[in-house]
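# Breakdown of the fold
Take a look at the letters that make up each chain.
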Amino acid sequence: MSARGKFAWLVTFASIDGRLDDKEVAMLVSYARNNGLSQADIEEVRTNTRAYLNLIPTELGEKREFFKDLWQMVSADGALDGKEMKLLGQLGSVLGFSM
């Protein structure tokens, strides 16, 4: 999965509850920095987020890491709401995980 694709998912999960808190922003900045995303890359993803959301990992190890990173993003603010849990559940199913 590309760094842009994962960043798009992280942004989506970070903002699903309608707000971005400082911890979520810090995680996004850290991910972008650690994965070599430029300001232009970030703007591209921000402008065309939906185009990247059809990208999901295919290898089991990548799927686990991807899901773990999304879980960390939604739990960063210390509160999980229904929207976040629903989206995590749906994505978990798409990735082939069962509850």
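Going by the structure above, here's the rest.
Below or above, wherever it landed, is the structure these notes cover. On a predicted model such as this, the values are computed, not experimentally measured, just so you know. (Residues numbered from 1 in each chain as written. Predicted model: local features only at pLDDT ≥ 70, side-chain atom pairs only at ≥ 80, totals over all residues. Heavy atoms only, no water.)

The next thing to look at is the environment of methionine 85. Inspection of the secondary structure puts methionine 85 in helix H6 (residues 82–94). Methionine 85 gets classed as partly exposed once you look at its relative accessible area, which sits at 37%. Remark: the alpha-carbon pair of methionine 85 and leucine 55, spanning 30 residues in sequence, is separated by 20 Å. The residues touching methionine 85, leaving out its near neighbours within four places in the chain, are Trp71 and Leu80. (Helix = DSSP H or I, 4+ residues; strand = E, 2+ residues; numbered from the N terminus. Buried < 20%, exposed > 50% of the residue type's maximum accessible area, 1.4 Å probe, protein only. Contact = heavy atoms within 4.5 Å.)

Quick look at the nonpolar core now. Judged by nonpolar contacts, the single largest core of 21 residues is most densely connected at Phe7, Phe13, Leu70 and Leu91. Elements with a minimum of two residues in this core: helix H1 (3–15), helix H2 (22–34), helix H3 (39–47), helix H5 (60–75) and H6. At six residues, the largest contribution of residues to this core is made by H1. Sequence-distant contacts of leucine 70, defined by excluding residues within four places in its chain, comprise Trp9, Leu10, Phe13, Leu88 and Leu91. (Core = buried A, V, L, I, M, F, W, Y, C linked by side-chain atoms within 4.5 Å.)

Moving on, we get to H6. Every α-helix carries 3.6 residues per turn, so stepping three or four residues along brings you back to the same face. Compared with an ideal rise of 1.5 Å per residue, which puts 13 residues at 18 Å, H6 spans 18 Å between its outermost C-alpha atoms and is within 8% of the ideal. Of all the residues in H6, the buried ones are Glu84, Leu87, Leu88, Leu91 and Gly92. Seen end-on, H6 carries its buried residues on one side only, within an arc spanning 135 degrees. Structural note: H6 exposes Gly82, Lys83, Lys86 and Ser93 on the side pointing more than 90 degrees away from its buried face. Where the residues of H6 are buried, they touch H1 and H5. Capping the start of H6, aspartate 81 holds a side-chain oxygen 3.1 Å from the backbone nitrogen of lysine 83, two or three residues further along. Directly after H6, the chain includes glycine 96, whose backbone phi takes a positive value near 95 degrees. (Expected span 1.5 Å × (residues − 1). Arc of directions from axis to C-beta. Polar contact = N/O pair within 3.5 Å; in protein donor to acceptor, adjacent residues only side chain to side chain.)

Across all of its chains, the model carries four aromatic pairs by this definition. Ring geometry for tryptophan 9 against phenylalanine 66: centres 5.9 Å apart, planes inclined by 90 degrees, an arrangement best described as edge-to-face. Here tryptophan 9, found in helix H1, pairs with phenylalanine 66, found in helix H5; they are 57 residues apart in sequence, far enough to count as distant. Summarising the burial analysis for this pair, tryptophan 9 and phenylalanine 66 share the class buried. Connected via pairs of aromatic rings, a cluster forms that spans Trp9, Phe13 and Phe66. (Phe/Tyr/Trp six-rings, centres within 6.5 Å; stacked < 30°, edge-to-face > 60°.)

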